[in-house]
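Letter by letter, the chains look like this.
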Amino acid sequence: MDDKKIIFSGIQPTGCITLGNYLGALKNWVSLQHDYHCCFSVVDMHSITVRQDPVALRKRCMEFLAQYLACGIDGEENLVFFQSHVPAHAELAWVLNCNVYMGELSRMTQFKDKSAKHENNINAGLFTYPVLMAADILLYKTDLVPVGSDQKQHLELARDVAIRFNNLYGETFTVPEPFIPKEGARVMSLQDPTSKMSKSDPNVNGFISILDKPEDIARKFKRAVTDSESEVAYREGKDGVNNLLSIYASVTGKTVDEAVAEFAGCGYGVFKERVGEAVAEELRPIRERYEDLMKNKDYLETVYRTGAEKARGITARTMSKVYRKVGFVNR
Ligand code: TYM
C-alpha cells in the first residue's frame, strides 16, 4: 500500500448537477483525484429522504454517474459507485445511530430547512440523514472530504461521532477533515443572490445545470439579479455582483481581486456576458463528453460494478472491525 491519503465525497441524485455542485465539489474532486485514493459515490440512499419517482430516480442515478465521469473523474483509477450497491453504508449507519444524540441531529440546519420545505414528509430518514453521511465517510478511513460550505456542519458531526466511537471502543475510525474551496464554496442563486444555488429550485433561471447549452447559460447570466449601481466591485451589499465575481474567479482560476481589476469600467451588461461566456466555455466539453458517455451504457456499468465490488471489499473489513468492537459474535 502506498501512503496516499483517502478521499470520499458524494452528490445526491436529486434535480440536476448545478454549477454550485460543480464549483463547490466536483471540480475539486477532479483536481485532487490523482493525489489521493478516491471514492466518489452517487448517494442514492440519501435521496429517498425526500419522495422520489422510482422511474425518474433510476434514470437520474445513471445520468449523475455519467456526469461525474464527464467532468473528468477517472472511473478506473477511482472507486465510482452507487451507495445502495454497498450494504455496509446502511449497516454502519445503524451502529452510528446508536452513538449520536437526538439533540445533535435537531441542531442540523439542513434538517430544519428541509423539514420546513417538506412539512408533510418529515420522516426519520431525513432526521438521521447526517448519520448515513458519517457512515459513508468513516467506512473508508477517509482523511479528506471535498464539499461546499453547506456540508460543514454535517462533517463536524461525522468528526464528533468518530471521536466518540474511538473513545468508547478504542481506535477504529480516522477523523476526517473537510476540504472547502476558497472560491465557489457557496454559489448563490442567480435570481436571489441571498440564497444558495439549489438543484431543486423551481425557478430554472436561478441555477445553471452543468449540462445547460451555451445559449441558455448566456440567457441566465444576462438575467442574473445584480443591484441598482453600476460598478463591478466586491463589497457588502452587492450580493449579486459578488456572486458573479466569485463564479468567474472560480471558473478561471483567478482571484476575486484580479477579476475586479479585469472588469474595471465595464457596465453590468458586458460583465454578465463575460461571466456567462467563461462558464459556458468551462461546461462545453463536459456536455459533449456526457453525450458520448450516455451512448456507452456498457462502460458505465463496468465502472459502477467494479467500483462497488472494490468498495464492498474495503467496507466489509471496516464492518467486521466495528462489529467486533461493539461486541457482536463473529460470523
Ligand atoms: P448535495 O447533493 O446537496 O450537494 C453535493 C455537493 O455540492 C455542494 N454544493 C454546493 N457548493 C457550492 N455552492 C452551492 N450552491 C452548492 N450546493 C451544493 C455540497 O456542499 C456538496 O459538496 N449530504 C451531501 C451528500 C453526501 C456527502 C456524503 C458528501 C452524502 N454523503 C459524504 C460528502 C461526503 C449533500 O446533500 O450534498
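Criteria and cut-off values
- Residues numbered from 1 in each chain as written.
- Predicted model: local features only at pLDDT ≥ 70, side-chain atom pairs only at ≥ 80, totals over all residues.
- Heavy atoms only, no water.
- Helix = DSSP H or I, 4+ residues; strand = E, 2+ residues; numbered from the N terminus.
- Buried < 20%, exposed > 50% of the residue type's maximum accessible area, 1.4 Å probe, protein only.
- Contact = heavy atoms within 4.5 Å.
- Polar contact = N/O pair within 3.5 Å; in protein donor to acceptor, adjacent residues only side chain to side chain.
- Axes fitted to C-alpha atoms, helices over the stretch in contact; angles between N-to-C directions.
- Parallel < 35°, antiparallel > 145°, perpendicular 65-115°, else oblique.
- Left-handed = near helix turned anticlockwise from the far one by under 90°.
- Nonpolar A, V, L, I, M, F, W, Y, C, P; charged D, E, K, R; others polar.
- Near = heavy atom within 4 Å.
- 1 Å grid on protein atoms, 1.4 Å probe; cavity = no way out; pocket = protein on both sides within 12 Å on 5 of 7 lines; lining within 4 Å.
- Sits in = over half its atoms within 2 Å of the grid points.
- Phe/Tyr/Trp six-rings, centres within 6.5 Å; stacked < 30°, edge-to-face > 60°.
- Lys NZ or Arg CZ within 6 Å of the ring centre and 35° of its normal.
- Points joined across faces, edges and corners; volume = space filled by probe spheres on them.
- Core = buried A, V, L, I, M, F, W, Y, C linked by side-chain atoms within 4.5 Å.

Take the environment of Tyr-268 next. With respect to the helices, strands and loops of the structure, Tyr-268 is situated in helix H12 (residues 268–294). Taking the relative accessible area as the measure of exposure, Tyr-268 reaches 11% and is therefore buried. Taking the C-alpha atoms as reference points, Tyr-268 and Asp-227, 41 residues apart in sequence, are found 9.4 Å from one another. Discounting residues that sit within four places of it in the chain, Tyr-268 has contacts with Thr-226, Asp-227, Glu-229, Ser-230, Glu-231, Val-232, Lys-238 and Val-241. Polar side-chain contacts of Tyr-268 include one of 2.6 Å to the side chain of Asp-227.

At their nearest, the axes of helix H3 (residues 54–70) and H12 sit 9 Å apart, and the two run at 130 degrees to each other. Put simply, H3 runs oblique to H12. Pair H3 / H12 crosses with right-handed handedness. Contacts between H3 and H12 pair Met-62, Glu-63, Ala-66, Gln-67, Leu-69 and Ala-70 from the former with Ile-286, Arg-289, Tyr-290, Leu-293 and Met-294 from the latter. Residue composition of the contact of H3 with H12, grouped by class: eight nonpolar, one polar and two charged.

On to the site of the ligand, then. Lining the immediate surroundings of the ligand are 27 residues, of which Tyr-129, Asp-136, Asp-150, Val-187 and Lys-199 lie closest. Here a nitrogen atom of the ligand and a side-chain polar atom of Asp-136 are 2.6 Å apart. The cavity where the ligand resides is the largest pocket. Counting residues per element, the ones that place at least two in the shell around the ligand are strand E1 (5–11), helix H1 (19–32) and helix H7 (124–138). Looking at the shell around the ligand, its residues break down into twelve nonpolar, ten polar and five charged.

Turning next to the packing of aromatic side chains. The geometry of an aromatic ring pair is captured by the separation of the ring centres together with the interplanar angle, meaning the angle of the planes. For the structure shown, the criterion picks out eleven aromatic pairs. Measuring from ring centre to ring centre gives 5.0 Å for Phe-165 and Phe-173, while their planes differ by 55 degrees; the resulting arrangement is tilted. This pair shows no difference in class: Phe-165 is buried, exactly as Phe-173 is. Through pairs of rings, three or more aromatic residues link up here, namely Phe-8, Phe-81 and Tyr-140. One residue, Lys-220, lies across the ring of Phe-207, its end atom 5.1 Å from the ring centre.

Quick look at the packing of H1 against helix H10 (residues 239–252) now. At a minimum axis distance of 11 Å, the contact between H1 and H10 shows a crossing angle of 45 degrees. Classified by the interaxial angle, the pair formed by H1 and H10 is oblique. At the point where H1 passes H10, the crossing takes the left-handed sense. Mapping the contact onto sequence places Leu-19, Leu-23 and Lys-27 in H1 and Ile-247, Ser-250 and Val-251 in H10.

Moving on to empty space enclosed by the protein. Following the criterion strictly, the structure yields one cavity of 30 Å³ or more and no others. Considered as a void within the structure, the largest cavity measures approximately 40 Å³ in volume. Gln-110, Phe-111, Lys-114, Leu-126, Tyr-129, Pro-130 and His-154 are the residues that line the largest cavity. Looking at the lining of the largest cavity residue by residue, the class counts come to four nonpolar, two polar and one charged.

On to unusual backbone geometry. Its identity as a non-glycine residue notwithstanding, Lys-141 has a phi of 55 degrees, on the positive side. Tracing the chain through its elements places Lys-141 in the loop between H7 and strand E4 (144–146). By relative accessible area, Lys-141 is classed as partly exposed at 35%.

Attention now moves to the nonpolar core. Among the nonpolar cores identified, the biggest contains 61 residues, and Tyr-68, Phe-221, Ile-247 and Val-279 are the most heavily contacted of them. Sorting elements by how many residues they give to this core places H12 first, with ten residues. If sequence neighbours within four positions are ignored, Ile-247 has contacts with Leu-19, Leu-23, Val-187, Leu-190, Phe-221, Val-275 and Val-279. Counting 39 residues, the second largest nonpolar core, distinct from the first, contains Leu-79, Val-86, Val-100 and Leu-105.

Turning next to the environment of His-37. Here His-37 lies in strand E2 (residues 36–42). Sequence-wise, His-37 and Lys-5 are 32 residues apart; in three dimensions their C-alpha atoms are separated by 6.2 Å. Looking at His-37, its side chain comes within polar contact range of the side chain of Asp-2, at 2.8 Å.

With that out of the way, let us pick up the layout of surface pockets. Computed from the structure, the largest pocket encloses a volume of approximately 1,200 Å³. Considering the residues around the largest pocket, the lining is formed by 45 residues, among which Gln-110, Asp-150, Gln-151, Lys-196 and Lys-199 are closest to the centre. The set of elements that each furnish at least two residues to the lining of the largest pocket consists of E1, H1, helix H6 (109–117), H7, E4 and helix H8 (152–169). With five residues, the top contributor of residues to the lining of the largest pocket is H6. Residue classes in the lining of the largest pocket are distributed as 15 nonpolar, 21 polar and nine charged.

The values are spatial; any link to function lies outside them.
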